[in-house]
Structure formats: C-alpha cells, structure tokens
Amino acid sequence: MQDMTFVLFGATGDLAKRKLFPALYNLFLDGKLPDSFSIIGLGRNYFPDDIFQSKVESALREYSRSTVQTTGLNEFLAKFRYCKFDAADDDSYLNLHELIKDSEIELNIPGNRLFYLSVAPQLVDVITLGLNKSGISQTKGWKRLIVEKPFGSDLKTARQLNETLNSTFSDEEIYRIDHYLGKPMVQNLESFEFANPIFGSILDHKRIANIQITASETVGVETRAEYYDRAGAIRDMVQNHLLQLVMMTALHLPEKMTAEEIRKQKVTIMESLRPIYIENIARDIVRGQYQAGEIFDTPVVGYTEEPGVDASSMNDTYFAARLHIDNPSWSGIPFYIRTGKRIGRKSTKIVIEFKNDVKHTDRLTPNLLIFEISPSEGISLMINMKNPSSNQFEPNFINFSTITEDQPEAYELLLFDAIRGNATFFANWKEVELSWLWIQPLLKAFQENSLPLHPYPAGSDGPEAANQLLQADQFNWW
Ligand code: BG6
C-alpha cells in the first residue's frame, strides 16, 4: 500500500466524528494503513492541531468499534493536522497546498493525495474547482476524490456535477460512496455464486419466481427535514441504495471477476432495466407518507408534524416499485423494491423467492433464499419439512449467520478500498447516470402529484397499496 496524504474536507462534521475517524483508527489497529501517511482535517473554524487531535480522540472513545488502546494512540493522533478552510477563499487553498507539501517532505510521502469531500452538496464542485485552480490536484503521485451522496438531485444536476468533477479528476479517480456497497453482506453478493457452485444452478430464471428488496427503518425524518423534505425516499434511498442493491443482486458471477468487469455487468443491468412509462407509473409505483402512530409502543408524530416539515408537504417517506430487467437472465422475473421511514422494524434484506411446483402450490410455502443485510447479517434458506405429528409440510429456516464480534464497518471497508485504489464497491458514473435516468419520470410524477400519496401509520408495514402491488401478481412481501 502506497504512502499518502488523506485530505478531509468537513473534518469537524458529524460523519467525520461518527464514522471516518473510527474507521481510520480501526484500519490503523489492523495494520491496514500505509507505513507513512498524514491526515489533514479541514473545517471552517480555527483550532490548533492539538485541540483537533483531542477531538479525534474523543470521537474514537465514543464511536470506535474497537476499544481505544493506549499503545499506538499517540502515534495515530500525531498523524492528524488541522487547517482552517473556507471553500470560497483562494488563500485557504494556498495554505492547504503548503501544508500538504510540507508534510509530504517531512514524512517522505510521494505526492499521493486522497481527497475526501464530506461537505454540503453545493460545495462539492466549488472545492473540486479550487483544488484544480490552486494546483493542489496537480501532483506527481496518484490523486483520488471520494464524494459522499447526494450525487446531484436529478439527471441534469448529476450530469453537471460529474462534468465539473471530470475537469479535475478522471472517472477512475472518482470514488462515489454508497455506504450500502460497504455493508459486508452486500459485498458478499458478488462472490456468492462462484463461491457456492451448488447455488449457481438454482439462481436461474426457470426457478426464481421473484426478488424482493426491502430497506425499512423505524426512524423518522429526525433533524434532517431541510434536506429530506426536498429529497424524499426516492432520492434519499431509491436512486442510490436500492438500485445498487438491484444491480448487486442481478449480477451473475459464476467466476471471479475484476472490478472493471463487475462495473460493466452492473451497467448492462441498468441498461436493461425497463423504463417506467408514464402510463404505468400508477400500476408499478407506490408512494406513501407516514402519519402519527407508535414505534416500539411510543407515540410518534406524523411526517407533516415533524419539526421543519411543511404542514402541507406531499413528500414521500415510503416507496415501493415493481421492476423488470429485460435480459436473458432475468426476463419474466419481477423485482420488487420497497423502503420507508417509521416502519415497525428496521430491516434491510434481499429475498429470492423460488417457484413452487404447480401441483403443490396451495400447500407449500415457496422456498426462499434470504440475504439479511441489517440489523443482523446472515443468509438463510427456507425449506419445507414434514411435521411428523400433523403429517403437514411446515416452513423451516436454516440460518447461516456471519456476525462476528469485530465485524468491520462499511466505512472501514470502503476507506480501505479507496486507499488501495480498488473501486469495486463504489458507484461509478454510468451506474449513477442510468439510475437518475430511470428515476427521472418518477420525479416528475411526484412533483406534479399525479400519483396518490398513500398515508400509513407510523409503526406499520407501510401502505396497503404496497401489498396490492405484489398481490396483483399473486405474491406477498416476505
Ligand atoms: C442514508 C439516508 O443514506 O441511509 C438515511 O440518507 C437513511 O435517510 C440511511 O436513514 C439508512 O442507512 P442504514 O445503513 O441505517 O440502512
């Protein structure tokens, strides 16, 4: 692994505190950081380095998955420098450039620079252009840019943003974070088929009845109304996380493939995703909004009563859809996706439902292969077994749990990949563009309110219309 400088924009923000510092620390403990590296944190307020280092230390004590150890802690903290930074001020870039060059000389780091933008969306292009203008991005070593979501707010703004980033970084140098791709079980999907050849023969369109992808949450809008009321579930969860899960599930990888080959397959899947035509939106899409209800026996308010949300808001907090991938592997197999806030339980999972033998349809529960992604992780297989007392078939779940005490977190896996230049589990531009392209007619329909907004009580499973979406095809959600 090559020595490098990690430049973190937004170093005083929540993500840095909760996820990034702990992730870096755990990588450090596991010996997964380069021999020589420095981390330069940037934020709007001034702090001397030692105050910044003590903030990093507090974050580790509060959020690190491994207990903070005395040994090595000072060595780790000493890697952190701080620089006051204003994205609109040329002098800020000059100071930053000097700091980077000084630390490269001091630590003998060969100009490899990793820039992480954990900043408000409107600053992403400003900072990228500033890196270019100031010469910071012209380096003798490699350079990479990690960007957080959202990547644009529709097809047009995503394309504009990408063009701006491309003026400074090539596509191979841009790492678009989708933290769902960092979840260990999602990373397993890519290798599942070739690592388990017996499943290769059953993950076949002659045997699969449908695929169901769920990402439900118990939390509501929390303190993010300003962002969420404009984004809705469709931008917040569907355009990125759910469509990435569709791509990862639809991959057929009977043998190990390179990052480039996987990307190509994901793009092919998105290109085969049947567009939702205006006349079919009401048939294939369900949108909903939570009303007052109860979560874990505690009363909670409805979406429009949440602080910061407009009382007449028609924003979607729930989304379900029927999708079709028109390629030889998946033709005729519906994919159903759903996501919602204030659902009765937190669950992220992918369920593959197999076809029943027609003769037994009434009596047998279909076989299921389930990938549990969160909050628990594991794979389970539902098979029917005869109950000797009743002589009836009953469904039985065989669970393979992969949870270990010291499971790395998504950000750890993703940072490690970015540092060593492996972009397999990052969203590449073509995937992002095709996702926006697919979503675009829905954004329009949502904005024009040409689709019903189904209310559902907080704590429920979501609107009844989402059940009807599957019942129309003689299926149920699992
Ligand atoms: C984020 C969304 O990307 O994902 C949040 O902005 C959502 O609204 C979160 O709560 C869900 O992530 P996870 O990992 O808890 O399923």
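Scroll up to find the structure.
Rules used in this analysis
- Residues numbered from 1 in each chain as written.
- Predicted model: local features only at pLDDT ≥ 70, side-chain atom pairs only at ≥ 80, totals over all residues.
- Heavy atoms only, no water.
- Phe/Tyr/Trp six-rings, centres within 6.5 Å; stacked < 30°, edge-to-face > 60°.
- Buried < 20%, exposed > 50% of the residue type's maximum accessible area, 1.4 Å probe, protein only.
- Helix = DSSP H or I, 4+ residues; strand = E, 2+ residues; numbered from the N terminus.
- Pairing = 2+ DSSP bridges.
- Axes fitted to C-alpha atoms, helices over the stretch in contact; angles between N-to-C directions.
- Polar contact = N/O pair within 3.5 Å; in protein donor to acceptor, adjacent residues only side chain to side chain.

K.L.:
Would you take a moment to explain the packing of aromatic side chains for this structure?
P.N.:
The geometry of two aromatic rings is summed up by the distance between their centres and the angle between their planes. Within the structure shown, the criterion is met by 24 aromatic pairs. With centroids separated by 5.3 Å and ring planes inclined at 70°, the aromatic side chains of phenylalanine 76 and phenylalanine 80 adopt a geometry described as edge-to-face. Exposure remark for phenylalanine 76: the relative accessible area of 0% places this residue in the buried category. Look at tyrosine 318 and tyrosine 456: their rings are 5.5 Å apart centre to centre, the planes differ by 65°, and that puts the pair in the edge-to-face class. Separated by 138 residues along the polypeptide, tyrosine 318 in strand β11 (residues 318–323) and tyrosine 456 in strand β17 (residues 453–457) bring together distant segments of the chain. Its relative accessible area of 2% is what places tyrosine 318 among the buried residues.

K.L.:
Hey, could you run me through the sheet that holds strand β5 (residues 143–147) in this one?
P.N.:
The strands that make up a sheet pair up through hydrogen bonds in the backbone, lying either parallel or antiparallel. Strand order in the open sheet formed by six strands is β3-β2-β1-β4-β5-β6, with parallel pairing between adjacent strands. Since the sheet does not close on itself, it has two edges, and those belong to β3 (80–84) and β6 (174–176), each with one partner. On average, each strand axis in the sheet is inclined to that of its neighbour by 20°, with strand direction left out of account. Looking at chain direction, β5 and β6 are connected through three bridges and run parallel. Of the residues in β6, the one forming a bridge with valine 147 is arginine 176.

K.L.:
When you look at the environment of glutamate 377 in this model, what are you seeing that I'm missing?
P.N.:
Tracing the backbone through its elements, the reader meets glutamate 377 in the loop between β14 (368–374) and β15 (378–387). On the basis of relative accessibility, which here comes to 9%, the residue glutamate 377 falls in the buried class. In terms of polar contacts, glutamate 377 uses its side chain to reach the side chain of glutamine 407, at 2.3 Å.

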